[in-house]
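Spelled out, the chains give:
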Amino acid sequence: MSNPQQLRYSKEHEWLSALEDGVATVGITEYAANALGDVVYAQLPEVGDTVTAGETCGELESTKSVSDLYSPVTGEVTAANQDVVDDPSLVNSAPFEGGWLFKVRVAEEPKDLLSADEYTEFSGN
């Protein structure tokens, strides 16, 4: 399992892309997707919602369990991935590509996000 070097990671197993015009893309890691099992339902934050770093903003339901989705940053949601709502298995098959969850205009980024190497050490993968 390889965690892309250009991303940053939370200890709740979400990833965050680099900012483009103040907007970052958020998803869950391959480690989290594998731990969840087959994702069958995704409830994502809606465009215009305000999300807060470390707080729940949606949920993912799998064949094994229901898991809260946490935002790694504070800001306003600018897009939700309708493809994932329509086909939640994208979270498992392409967690770092087509399985992204939402985009957020970042107002505040926590200082405790991890590099790819730090996340790999933290998650044991």
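Here is what the cut-offs are and how they apply
Residues numbered from 1 in each chain as written. Predicted model: local features only at pLDDT ≥ 70, side-chain atom pairs only at ≥ 80, totals over all residues. Heavy atoms only, no water. UniProt positions renumbered as here; feature names shortened; annotations may be inferred. Helix = DSSP H or I, 4+ residues; strand = E, 2+ residues; numbered from the N terminus. Core = buried A, V, L, I, M, F, W, Y, C linked by side-chain atoms within 4.5 Å. Buried < 20%, exposed > 50% of the residue type's maximum accessible area, 1.4 Å probe, protein only. Contact = heavy atoms within 4.5 Å.

Visitor: I keep staring at the UniProt feature "domain: Lipoyl-binding" (unreviewed entry) in the protein and nothing clicks. Help me out?
Guide: The feature "domain: Lipoyl-binding" (unreviewed entry), as given by UniProt, occupies residues 23-105 in the numbering adopted here. Within residues 23-105, the helical portion is 19% and the strand portion 43%, while the C-alpha atoms at the span's ends are 4 Å from each other.

Visitor: Please explain the nonpolar core as it appears in this structure.
Guide: Core analysis: the largest hydrophobic core is formed by 23 residues, its most contacted members being Ile28, Leu60, Leu69, Val91, Leu101, Phe102 and Val104. Only β3 (23-28), α1 (30-36), β4 (39-43), β6 (56-62) and β9 (102-108) provide two or more residues apiece to this core. Leaving out residues up to four positions away in the same chain, Leu101 has contacts with Val26, Gly27, Ile28, Leu44, Leu60, Leu69, Ala80, Asn81, Val84 and Val91. If you look at the next biggest cluster of nonpolar residues, it comprises nine residues, including Leu7, Tyr9, Trp15 and Leu114.

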